[in-house]
Amino acid sequence: MLKKVLVVVAVAILIGVAVWVNYKSQNQLPEGFAGSNGRLELQRLDVATLYAGRVTQIFVNEGDTVQQNAVLAQLSSEQSNSQVMAAEAGKNRAQETVARADAEVMARQQQEKVAKLDLDNTRQLYQQALVSKAELDRRQAAYAAEVAAVKAAQAAKAEAIAAVGQAQAQIHSADSTHQDMLIRAPKAGRVEYRIAEVGNVLAAGGQVVTLLDPSDVTMTVFMPTATIGKLKVGDEARIILDGLDAVFPGKVKFIADQSQFTPKYVETSDEREKLMYKVKLAIPSNIAMRYNLLLKGGMTGNGYVRIDQQKSWPKQWAIQLPHL
């Protein structure tokens, strides 16, 4: 009996040693490299309204993939449509005023010509002593009045033309407001949450949907001071996700300026330190887009960086993309 117990204990010890050796071999990083566990994050876009309104239609569901400028939702547009119609009516009135002003200018110019002819004839008659000086002064005053009337008519025409431009600007503004009642995707992405529903009354700036940008995929890891001092933005990285037999290429996108307390879920190859630096590793956008249905926010894995640029990447971290 004692012999059996000793055998069982020996086997258990051997298994424990094998597990420990295997764990150490897996977690022992090659010289010149550093790594930490982390989670994938997709850039989140909160799509909101520019104006207040009631939601009349929602065109997307959670999980849908949408293209840039795709219509996500529509707000009530009765008021904005009325503003467009009112602005168009104002433009029509302004154009009629321009037409009347133009006719007035033409009429005044004709009267100016007649007054000029009268003045020229009166000057000739005055030189022949056939009319008095008073008559000549009267004709000169009449001509000056017609010249002033032409200038006034031209000014009125210019003002009317300006009114047309102002009315057109009002149409553009009203139409822009009307178009903004259609909530569009600022860029291509995947719908994460549908926040508003049909019938909801939203204030200006009210959120409608949340999009995830599949081209902006990063993994946040935490590194100690000794590692951060040897890293710079743009350095190569590798990302290995749990459950995927693949190695994704990456770049150091962000390095925090200040240290912070390490989140509890972070495990590093070194002893845990209270203060670590946040580092973001980004998967190239073209690769992220290619695997946009595979890469999801919250996926866990490990990120690795090279702190000695003279070292070559180990074979186990050679880039290996998954088969679609």
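Residues numbered from 1 in each chain as written. Predicted model: local features only at pLDDT ≥ 70, side-chain atom pairs only at ≥ 80, totals over all residues. Heavy atoms only, no water.

1. So, the overall build of the chain
Moving on, step 1. Of the regular secondary structure elements, the chain holds five helices and 13 strands.
Moving on, step 2. Counting over 324 residues, the chain shows a buried share of 35%.
Moving on, step 3. A separation of at least 24 residues holds for 77% of the contacts in the chain among residues at least 6 apart in sequence.
Moving on, step 4. A total of about 19,500 Å² of accessible surface is found on the chain, and carbon and sulfur atoms cover 54% of it. (Helix = DSSP H or I, 4+ residues; strand = E, 2+ residues; numbered from the N terminus. Buried < 20%, exposed > 50% of the residue type's maximum accessible area, 1.4 Å probe, protein only. Contact = heavy atoms within 4.5 Å. Areas by Shrake-Rupley, 256 points an atom, 1.4 Å probe, with all protein chains shown as cover.)

2. Some remarks on the pairing of strand S4 (residues 71-75)
Within a regular beta strand, the side chains point alternately toward one face of the sheet and then the other, so they alternate between its two faces.
Moving on, step 1. Alignment of strand S2 (residues 53-58) against S4, held across three bridges, turns out to be antiparallel. By the bridge assignment for S4, Val-55 is matched with Leu-75.
Moving on, step 2. Where S4 lies against strand S5 (residues 182-184), three bridges are found, and the strand directions are antiparallel. In the strand pairing of S5, Ala-73 is matched with Ile-183. (Pairing = 2+ DSSP bridges.)

3. Regarding the confidence of the model for the chain
Moving on, step 1. Summary statistics for the chain give a mean pLDDT of 81 and a share of 83% for residues scoring 70 or more.
Moving on, step 2. This stretch, residues 7-12, has a pLDDT under 50; its non-local contacts, to residues over four places away or in other chains, come to zero contacts.
Moving on, step 3. Contacts from residues 14-26, a stretch scored under 50 in pLDDT, to residues over four places away or in other chains number zero contacts. (pLDDT = per-residue confidence, 0-100.)

4. Topic: the sheet that holds strand S7 (residues 201-202)
Moving on, step 1. On the basis of which strands lie adjacent, the open sheet formed by four strands has the order S5-S4-S2-S7 and antiparallel pairing. Edge positions in the sheet fall to S5 and S7, since each has one partner strand and no second.

5. A closer look at the environment of Ser-132
Moving on, step 1. With respect to the helices, strands and loops of the structure, Ser-132 is situated in the loop between helix H2 (78-127) and helix H3 (133-179).
Moving on, step 2. Here the alpha-carbon distance between Ser-132 and Thr-122, two residues ten residues apart in the chain, equals 9.2 Å.

6. Some words on the side chain of Glu-192
Moving on, step 1. If you trace the backbone, Glu-192 turns up in strand S6 (residues 189-194).
Moving on, step 2. The class for Glu-192 is buried, based on a relative accessible area of 16%.
Moving on, step 3. Within the structure, the side chain of Glu-192 is placed 2.7 Å from the side chain of Arg-44, a separation counted as a polar contact.
Moving on, step 4. Excluding its chain neighbours within four sequence positions, the residues that come into contact with Glu-192 are Arg-44, Glu-62, Thr-210, Leu-211 and Leu-212. (Polar contact = N/O pair within 3.5 Å; in protein donor to acceptor, adjacent residues only side chain to side chain.)

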